[in-house]
Amino acid sequence: MTTTTPARGRRRAPSRMERAAGRAAAFQKPRVILALLLLLALTSVMLLDGYLRSEIGNDARVRDGAAYDKVPSRILDGGPLLTFDHGTATTQSVPDRTIVLTFDDGPTATWTPQVLKVLEENDVDATFFMVGSMISRYPGVVKSLVKQGNEVGIHTFTHVDLSYQSAARLQRELKQTQLALAGAAGVTTTLFRAPYSSEIDAVDNYSWPVYQEIGDLGYTSVFVDTDSDDWKKPGVSKIVRWATPKKNKGAIVLMHDAGGDRSQTISALGTYIKKMKAKGYTFTTVSGAQAMLNGNRSGVGRQSGSAGAGASASAGAGIGGTGAAQAAQHQAAGATLYEGRALVYAVAVAEWVVPALSWFLLVVGIAVMGRFGMMLVLARRHHRQRNRGRGKGGRGGGRFSWGPAVTRPVSVIVPAYNEKECIANTLRSLAKSTHPIEIVVVDDGSDDNTSEIAESLGMPNVRVVRQENAGKPAALNNGVRNARHDIVVMMDGDTVFEPDAVHQLVQPFADPEIGAVAGNAKVGNRTTLIGAWQHIEYVMGFNLDRRMYDLLRCMPTIPGAIGAFRRDAVLGVGGMSEDTLAEDTDITIALHRAGWRVVYQEHARAWTEAPGSLRQLWSQRYRWSYGTMQALWKHRKSLTDKGPSGRFGRVGMPLVVLFQIVTPVFAPLIDVFTGYSMIFVDFRAALLAWLAVLAVQLVCAAYAFRLDREKYRYLAMLPLQQLAYRQMMYLVLIHSCVTALTGGRLRWQKLKRTGEVGTPAGAGR
């Protein structure tokens, strides 16, 4: 029998659909690019943060005990200030009774401000040799330090021994630190101190070429005369004693404002300054000492007991450092200034984003592990409840019952659009049904003889209803209107039912509270790699979930491949809506809100043809993800629904949003963190963590396969699925989120079918 029915109900005119589809297609590529750029940006932030924390590019080697025969003896016997004039090395010593206080390895937010406070209280300036990565993390401290009248020098960006590094790495360490200084305080400097350096007589054959190259770039290399060894935490008295020059000589004194607990340094600093001032010493900066050596004692530091000199120095310096005490500093300008600010801003973002993401991902990880545990517990309970008394391997009756057996005829609706490859197999499988059915094939404007093939089979219980192309929801609604029975089974045109699938599917309707039933959809074309991956996903990701949602009474989706409904319930909520691309999710939530109960029937099995290519898979899952978000947004008011109708909003919607949208969106970051940890932090620990998560997933998957009586051999594909397939699904979801946030719209898409899914006899066993 053939009926031609014009599409009815609320829908867009085809021309509008075509225009919307065209606009959507035009935006797909930019949205994919935007999603990838977002992931790239977050990865870059992680890499920057790792670089700042010396997790990336870190070289902990420190040279010791090397020969020094190639270093001129006049350098080894010279003073702590090393400069080069047209390639000629010159050293200078600090004048007698002059102290140049220097601090290495900072700044820090904890100790540097305390050092500055002590210096300010004692009217003393100092020179701080700062690590670039620390400068970029604490720019406010550096700005205050310079404004106070202190001097800054470079201590490389990552605190590496430059004698092991290439010329390019040397240049990069210097430039990046200069940019950090420019961004933090608006200055650059010509002072340099190498990490792990001490007195000048420690220069060896490997470090000497480094100092020569640095000197040729215009830097003054600053060594030390007196090392307080405060990093050893020897106690305040020893720090003061070790920092005191011998025989009233001048000295460059080394202390630290970073690298650990510096409370002893802070305590010793004030005592030391007072002691040295009492001996008649003058405190100045490196530039101040150089000015004194050149005969200029004006504004070089704060004289002992003289507040006026210090005030003059500070006033003359300011942020730009124009006084003699800050002569090595220069006002940053042009590209250097703006690049430096960009670096500081980028670091600020990384400093906030990475810890926040770390904590967030920790919470997500705990939630995911908790969900796995809940799924296993509830799935086991569901299986035991629904299979009580069932014979071993049999499908006969048992002690569990929905009520009196449902034996009355039902209507099976088959929406079809260009399904010539599949429609015959679909209808032949229905012909073997053990339950009385009528079959309503709704031809949605096919142009490939789909309806003619259906009619040519000569099946007496098949009716073909033709309509103009209007989409799957309209086709299903047309089928519901033409159905003769009170229970309607909906399926896809490429799906093959097992003989008892319909009978098993409709048994829950013995309970009058049940308005819809979700069946057990299986992947039929599982012999390919893509098919096997989807098979694992269907068994573990869909069916295990449905068992959990069934017991929680918040089933979010009835699969389009196999689902049954009370006809009155469908009509009561307005039929299949065209408002979203996930009409199956939309109708399921609508039934919940109408007060109906939705359950999962694991014994009703259908075999569907999954996408056979990555392009088709992307298209299908993109539509599913986007449609699910549309449906959740449409039914957002379910969160405030009262009584049984609000159960989905109270329980189901939070679970779906958290575990089907939020968690997968951020899941790529977990993989990025894992890969980052493997490469830059601790490969073994990161690998063990990844294997532990994989083991948990394998346990869940194995249990799901056991419940569905599937062969375990497909689980061998699980590790590869986690490395490749899962990443693609995450990108699809991110793509869908970007589309949703940018207001894009998609149309219902037709996938290319092969018709390879046939009678499932023995399949999966």
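All of these numbers come straight from a predicted model, not from anything done at the bench.

Calculation notes
- Residues numbered from 1 in each chain as written.
- Predicted model: local features only at pLDDT ≥ 70, side-chain atom pairs only at ≥ 80, totals over all residues.
- Heavy atoms only, no water.
- Helix = DSSP H or I, 4+ residues; strand = E, 2+ residues; numbered from the N terminus.
- Buried < 20%, exposed > 50% of the residue type's maximum accessible area, 1.4 Å probe, protein only.
- Areas by Shrake-Rupley, 256 points an atom, 1.4 Å probe, with all protein chains shown as cover.
- Phe/Tyr/Trp six-rings, centres within 6.5 Å; stacked < 30°, edge-to-face > 60°.
- Lys NZ or Arg CZ within 6 Å of the ring centre and 35° of its normal.
- Axes fitted to C-alpha atoms, helices over the stretch in contact; angles between N-to-C directions.
- Parallel < 35°, antiparallel > 145°, perpendicular 65-115°, else oblique.
- Left-handed = near helix turned anticlockwise from the far one by under 90°.
- Contact = heavy atoms within 4.5 Å.
- Nonpolar A, V, L, I, M, F, W, Y, C, P; charged D, E, K, R; others polar.
- Core = buried A, V, L, I, M, F, W, Y, C linked by side-chain atoms within 4.5 Å.
- Salt bridge = Lys/Arg side-chain N within 4 Å of Asp/Glu carboxyl O.
- Arc of directions from axis to C-beta.
- 1 Å grid on protein atoms, 1.4 Å probe; cavity = no way out; pocket = protein on both sides within 12 Å on 5 of 7 lines; lining within 4 Å.
- Points joined across faces, edges and corners; volume = space filled by probe spheres on them.
- pLDDT = per-residue confidence, 0-100.

Draft legend 1. Region of interest: the overall build of the protein chain. Looking only at helices and strands, the protein chain has 23 helices and 22 strands in total. Within the protein chain, buried positions represent 56% of all 765 residues. Total accessible area on the protein chain is roughly 31,700 Å²; 57% of this is exposed by carbon and sulfur atoms.

Draft legend 2. Fine view of the packing of aromatic side chains. With the rule as written, the count across this model stands at 5 aromatic pairs. Centre to centre, the rings of Phe103 and Phe128 are 5.1 Å apart; their planes meet at 20°, and the pair counts as stacked. Taken together, the positions of Phe103 in strand β4 (residues 98–104) and Phe128 in strand β5 (residues 127–130) put the pair 25 residues apart, joining distant regions of the chain. Taken individually, Phe103 and Phe128 each receive the classification buried, so the pair is uniform in this respect. Ring plane angle 80° and centroid distance 5.1 Å describe the contact between Phe400 and Trp402, whose orientation is recorded as edge-to-face. Its end group placed over the ring of Trp633, Arg636 keeps NZ or CZ at 4.1 Å from the ring centre.

Draft legend 3. Seen up close, the packing of helix α6 (residues 167–185) against helix α7 (residues 207–216). Direction vectors running N to C along α6 and α7 enclose 50°, while the axes themselves pass 12 Å from each other. By the criterion of interaxial angle, the relationship of α6 to α7 is oblique. For α6 against α7, the interelement crossing comes out right-handed. In contact with Ala167, Leu170, Gln171 and Leu174 of α6, α7 contributes Val210, Glu213 and Ile214. Residue composition of the contact of α6 with α7, grouped by class: 5 nonpolar, 1 polar and 1 charged.

Draft legend 4. Structural view of the nonpolar core. Counting 61 residues, the largest nonpolar core has Leu101, Leu119 and Tyr272 as its most contacted members. Top contributing element to this core by residue count: α6, with 7 residues. Residues Val480, Met555, Met629 and Leu733 belong to the second largest nonpolar core, which totals 60 residues.

Draft legend 5. The arrangement of the pattern of salt bridges in detail. Inspection of every chain in the model, using the stated rule, returns 21 salt bridges. A salt bridge links Glu710 to Lys522; the shortest N-O distance between them is 2.8 Å. On the criterion of sequence distance, the pair formed by Glu710 in the loop between α22 (683–707) and α23 (718–741) and Lys522 in strand β20 (residues 514–523) is long-range, its members being 188 residues apart. In terms of burial, Glu710 and Lys522 fall into one category: buried. Between Glu537 and Arg621 there is a salt bridge, with its nearest N and O atoms 2.6 Å apart. In this pair, Glu537 sits in helix α17 (residues 529–552) while Arg621 sits in helix α20 (residues 614–634), placing the two residues 84 residues apart along the sequence. The pair Glu537 / Arg621 is uniform in exposure class, with both members buried. Here the residues in one salt-bridge network are Lys522, Arg526, Arg547, Glu602, Asp708 and Glu710, joined through shared partners.

Draft legend 6. Representation of helix α3 (residues 112–121) in the model. If you check which residues of α3 are buried, you get Thr112, Val115, Leu116, Val118 and Leu119. The arc enclosing the buried residues of α3, seen along the axis, measures out at 160°, which places them on a common side. In α3, the exposed positions angled more than 90 degrees off the buried face are occupied by Lys117 and Glu121. Taken from the residues just after α3, Asp123 is the one with a positive phi, measuring 55°.

Draft legend 7. Quick peek at the layout of surface pockets. Of the pockets and cavities examined, the second largest pocket occupies roughly 730 Å³. Lining of the second largest pocket is provided by 35 residues; of these, Val62, Pro195, Tyr196, Ser197 and Ser198 occupy positions nearest its centre. Where the lining of the second largest pocket is concerned, the elements lending two or more residues are α7 and β11 (251–256). The leading source of residues in the lining of the second largest pocket is α7, at 3 residues. Residues belonging to the lining of the second largest pocket are distributed by class as follows: 16 nonpolar, 9 polar and 10 charged.

Draft legend 8. Examining the confidence of the model for the protein chain more closely. With 85% of its residues at a pLDDT of 70 or more, the protein chain shows a mean pLDDT of 84. Of the regions scoring below 50 in pLDDT, residues 6–27 engages in 19 contacts with residues more than four places distant in sequence or in other chains. Considering only residues more than four positions removed or in separate chains, one finds that residues 303–322, a stretch of pLDDT under 50, has 33 contacts.

Draft legend 9. Seen up close, the packing of α17 against α20. Viewed as axis vectors pointing N to C, α17 and α20 meet at an angle of 25°, and their least axial separation amounts to 11 Å. Between α17 and α20, the interaxial angle falls into the category roughly parallel. Note on packing geometry: the crossing formed by α17 with α20 is right-handed. For the pair α17 and α20, contact is made by Ile530, Gln534, Glu537, Tyr538 and Phe542 and by Leu614, Leu617, Gln620, Arg621 and Trp624, respectively. Each residue belonging to the contact of α17 with α20 can be placed in one class, and the counts come to 6 nonpolar, 2 polar and 2 charged.

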